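# Structure at a glance
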Amino acid sequence: MNPRTALLVLLGLWIVTTLGAPLVGSQAISLKDALSGDGTAATILWRIRLPRVLLAILAGGALAVSGLAFQTLFRNPLAEPYTLGVAGGAALGAVLAMQLEWIGTAVGFPAVAAAAFIGALSVSLVILGLAVTRFGVEVTTLLLAGIAISLSCSALILFLQYLADFTKTFRMVRWMMGGLSVVGYGEVLWVAPWVVVGGLALVGHRWDLNLLLTGEDLAASRGVSLLRIRLVVLGVTSAMIGALVSVTGPIGFVGLIVPHMLRRWVGHDHLFLIPACLLGGGIFLAICDLGARTIMAPAELPVGILTALLGGPFFLWLLIARR
Amino acid sequence: MTAASILAADDVGWQFDGRRILDHVDLQVDRGECLVVVGPNGAGKTTLLRTLVGLLEPASGTVRLEGTDLARLSRRERARHLAYVPQIRPTRVPLTVEQMVLLGRYPYLSAFRGAPRASDFEAVARALEVVGIGALRERLLTELSGGEQQAVYVATALAQEAEVMILDEPTTHLDPSHQREIAALLAELNRRGEKTVVAATHDLNFASLIADRILALREGRVLACDVPAKILRPELLSELFRAPFEIVREGDRPVTLLELGR
């Protein structure tokens, strides 16, 4: 399909999902009820479901676009913030902030978000330092380092939970499952600018990213600064993932599944692929969350469990398909 | 350094893990010349080319572009003068031919990396036409044969509109007919006086087809640098490659034959 057409179709689906998903749930709501002043219906729709869907739309887009950027930067389809431990680093930062009860703000940011950002960025830099040699990026090192860092972060998180009292532990565990449940417009407004600015920053570097597809030597010989593009991608994704993880907890594999599906559809040019991931990731996570809300209704699954259940087998399939 | 020299290496050295990869290398490439670097595997050919493009900064010595130290030019300035075609393996670059060739225009994009301009598309069209792959414009690189892919890489370098083209093993993975096409294309570009060409290869017959001068590189040192007739001699080649050679004359072109020895 022509990438422009594909992008228009995605935009259409995105609008339909954003408007339609809030109407579906354990209790069906018609727009008429909500608008005709039915108090309960209006509350469910405007206060509970709409902010949740909006957050899913934003979070999914950010996760997908971060995955895409990592895959291009490291030239490996298995790279994404979750597999490389960046999300784990963000989670560790956030859990640490919860345990130490850092409330309030750090340099104007909520403490949990700031800690998540620092966690994400630190892991990114460690991974970069380990995997980039003078001969380019060592992909095996990269993925293994990601696993090692993820495991270390999990262990430290468990340790912090062990130290925490019962209420805090419950909060952390629930948060770690990755969910979009209790959110209001405040969270949506907090995440939105990060996603928009991050997406724009990456679109601004689409030429560099396209050149990276052709190999690091070729890119550098055309005038791309490898150091700069690496720092831009890691900085931008860490900011997005940090902001996001502080609100939703780690939600895995969206960054793996969505870019992979979209490449087949819109091609590899980042001019189209980045907006496509922003839209497609949002649609994907909003639909996953719809499933999480309805599969066991009236109980709700954390959406992170659902994406991980889809993502694990998908990761294995990618491994096998690459042989 | 002669006045006409466009690219020059001045006592260039580079080492890795305590091993000298390049050892006091001096060379001058004249404007409009075709210089072919030959040598056995591990002689330092790729390292030399990467140094000449500015991908590696020499540990000692300097590389000069029209007299200016390469290290003092910005990446984009370098890229407007030097186009590099690295040794390619069967590629997995999932772009279309046109998208790929358009990437050669990167050094000319505005600071905000805006949309390519009409002049960029014209350069791409010209490059595709010169290489003769206009018909492949919409095809995916991954669908092309090795020879076609190599042609696309050359077209990308042409779209870069640099005076000097630097190619690493441009014919290694190609069958004879595609080897011939690439050789003919490089010779033609060079003969028309548009491009200065520096290529590395261990294919001596390819070298003798296109070279004005051949530089023999062995263990990071320049063994000799001269016109093909002076380099393609059995004594020099067997010293260079540590294998016996026979030279047959085909008109005024020396043809190199590898011997099994007795």
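Refer to the structure presented above.
Predicted model, so just to flag it, every value in this text is computed and none were measured.

To continue, consider the overall build of chain A. Across its full length, chain A carries 14 helices and four strands. Taking 20 Å as the expected radius of gyration for a compact globule of 323 residues, we find that chain A reaches 20 Å, a close match to that expectation. By its C-alpha atoms, chain A is 65 × 55 × 40 Å across when sized along the principal axes. Classification of the 323 residues of chain A by burial places 56% in the buried group. Of the roughly 13,700 Å² that chain A leaves accessible, carbon and sulfur atoms contribute 72%.

We now examine the interface of chain A and chain B. Taken together, the contact pairs 22 residues of chain A with 31 residues of chain B. Interface area for chain A against chain B, summed over the two sides, is near 2,300 Å², with a carbon-plus-sulfur share of 63%. Counting the surface chain A buries against chain B, the share from its top three residues, Trp207, Asp217 and Arg222 of chain A, is 33%. Viewed at the interface, chain B and chain A are joined by one salt bridge. The tally of links from chain A across to chain B stands at four residue pairs in polar contact (both at pLDDT 80 or more). When contributions to the side of chain A that touches chain B are tallied by element, the ones reaching two or more residues are α9 (206-213) and α10 (216-221) of chain A. By residue class, the composition of the side of chain A that touches chain B is seven nonpolar, seven polar and eight charged.

A word on helix α14 (residues 303-321) of chain A. Residues and elements named next belong to chain A. An ideal rise of 1.5 Å per residue puts 27 Å on 19 residues; α14 measures up with 27 Å between its terminal C-alpha atoms. Listed as buried for α14 are Val303, Gly304, Leu306, Thr307, Gly311, Phe314, Phe315 and Leu318. In the core, the buried residues of α14 are packed alongside α12 (254-266) and α13 (270-294).

A full pass over the atoms with the stated rule returns six aromatic pairs over all chains. Judged by centre distance (5.7 Å) and plane angle (45°), the ring pair of Phe314 of chain A and Trp317 of chain A falls under tilted. A residue pair is termed a helical-turn pair when its members lie 3 or 4 positions apart in one helix, as Phe314 of chain A and Trp317 of chain A do in helix α14 at three residues. Here the guanidinium or amino end of Arg105 of chain B rests over the ring plane of Tyr108 of chain B, the centre of that ring lying 4.3 Å away.

Residue and element names in this part refer to chain B. Locating Thr62 in the fold gives a position in strand β4 (residues 60-65). For Thr62, the side chain forms a polar contact with the side chain of Arg64, separated by 3.5 Å. Apart from residues lying up to four places away in sequence, Thr62 is in contact with Ala8, Ala9, Asp10, Val12 and Asp69.

With that settled, consider the sheet that holds strand β1 (residues 5-16) of chain B. All names here are of chain B. With antiparallel pairing, four strands are arranged side by side in an open sheet as β2-β1-β4-β5. At either margin of the open sheet sits one strand with a lone partner, and together these are β2 (19-30) and β5 (68-69). In the packing of helix α1 (residues 45-53) onto the sheet, the strands contacted are β1, β2 and β4, and the crossing angle to β2 comes to about 55°.

Residues and elements named next belong to chain B. With five of six residues buried, strand β9 (residues 213-218) lies mostly within the body of the structure. Bridge count for strand β3 (residues 34-38) against β9 is four bridges, and the pairing is parallel. Residue Leu35 lies in a different strand from β9, and its bridge partner there is Arg213. In this sheet, strand β10 (residues 221-226) lies alongside β9 in antiparallel orientation, the contact comprising five bridges. In the sheet register, Arg218 faces β10, and the bridge partner there is Arg221. Once β9 ends, the chain turns through two residues before running back antiparallel as β10, passing Glu219 with a positive phi of about 50°.

The subject of this paragraph is helix α11 (residues 226-248) of chain A. Between its terminal C-alpha atoms α11 of chain A stretches 32 Å, which fits the 33 Å expected from 23 residues at 1.5 Å a residue. Most of α11 of chain A sits out of view: 19 of its 23 residues are buried.

Residue and element names in this part refer to chain B. If you trace the six strands from one edge of the open sheet to the other, you get β6-β7-β8-β3-β9-β10, paired in mixed fashion. Each edge of the sheet is formed by a strand with only one pairing partner; in this case those strands are β6 (82-85) and β10. The sheet shows a mean angle of 15° between the axes of neighbouring strands, taken without regard to direction.

The next point concerns the pattern of salt bridges. All names here are of chain B. Considering all chains together, one arrives at 20 salt bridges over all chains under this definition. Linking Glu163 and Arg31 is a salt bridge whose minimum nitrogen-to-oxygen distance equals 3.2 Å. With a gap of 132 residues between them, Glu163 in the loop between α5 (146-159) and β7 (164-168) and Arg31 in the loop between β2 and β3 connect regions that are remote in the sequence. We note a salt bridge from Arg218 to Glu219, for which the minimum N-O separation is 3.4 Å. On the accessibility criterion, Arg218 (12% relative accessible area) is buried. The structure contains a network of salt bridges with shared partners spanning Arg105, Asp120, Arg126 and Glu161.

Conventions adopted
The written sequence of each chain sets the order in which its residues are numbered from 1. Chains and ligands are labelled sequentially in the order written, the chains with letters from A and the ligands with numbers from 1. Reporting in this predicted model follows two pLDDT cut-offs: at least 70 for local features of residues, and 80 or more for side-chain atom pairs to be given and counted; totals over whole chains, interfaces and linings ignore these cut-offs and use all residues. Values reported for side chains reflect all heavy atoms of the structure, with hydrogen atoms and water molecules removed beforehand. Put simply, DSSP marks the helices as runs of H or I at least four residues long and the strands as runs of E at least two long, and each gets a number from the N terminus on. To get the radius of gyration, use the C-alpha atoms; to get the globule rule, take the number of residues to the power 0.38 and multiply by 2.2 Å. Relative accessible area decides the class of each residue, using a 1.4 Å probe on protein chains only: under 20% of the type maximum gives buried, over 50% gives exposed, and in between gives partly exposed. Surface accessibility in these figures is a Shrake-Rupley result with a 1.4 Å probe; residues are shielded only by whichever protein chains are displayed. For this analysis, residues touch if any pair of their heavy atoms sits within 4.5 Å. Accessible area that two parts lose when put together, with a 1.4 Å probe and added across both, is what the buried area reports. The term salt bridge refers to a side-chain nitrogen of Lys or Arg lying within 4 Å of a carboxyl oxygen of Asp or Glu. Side-chain atoms alone can form a polar contact between residues adjacent in sequence; in general such a contact is a pair of N or O atoms within 3.5 Å, and within protein one must be able to donate a hydrogen while the other accepts it. The residue classification treats Ala, Val, Leu, Ile, Met, Phe, Trp, Tyr, Cys and Pro as nonpolar and Asp, Glu, Lys and Arg as charged. All others, Gly included, are polar. Any helix carries an expected span of 1.5 Å times its number of residues minus one. Aromatic rings from Phe, Tyr and Trp, taking only the six-membered ring of Trp, are treated as a pair when their centres fall within 6.5 Å; an angle between ring planes under 30 degrees marks them as stacked, one over 60 as edge-to-face, and anything in between as tilted. By the criterion adopted, a ring carries a charge over it if an Arg CZ or a Lys NZ lies within 6 Å of its centre and within 35 degrees of its normal. Two strands qualify as a pair provided DSSP detects at least 2 bridges between them. Only C-alpha atoms enter the line fits that serve as axes; for helices the fit covers just the stretch in contact. Angles between N-to-C directions range over 0 to 180 degrees.

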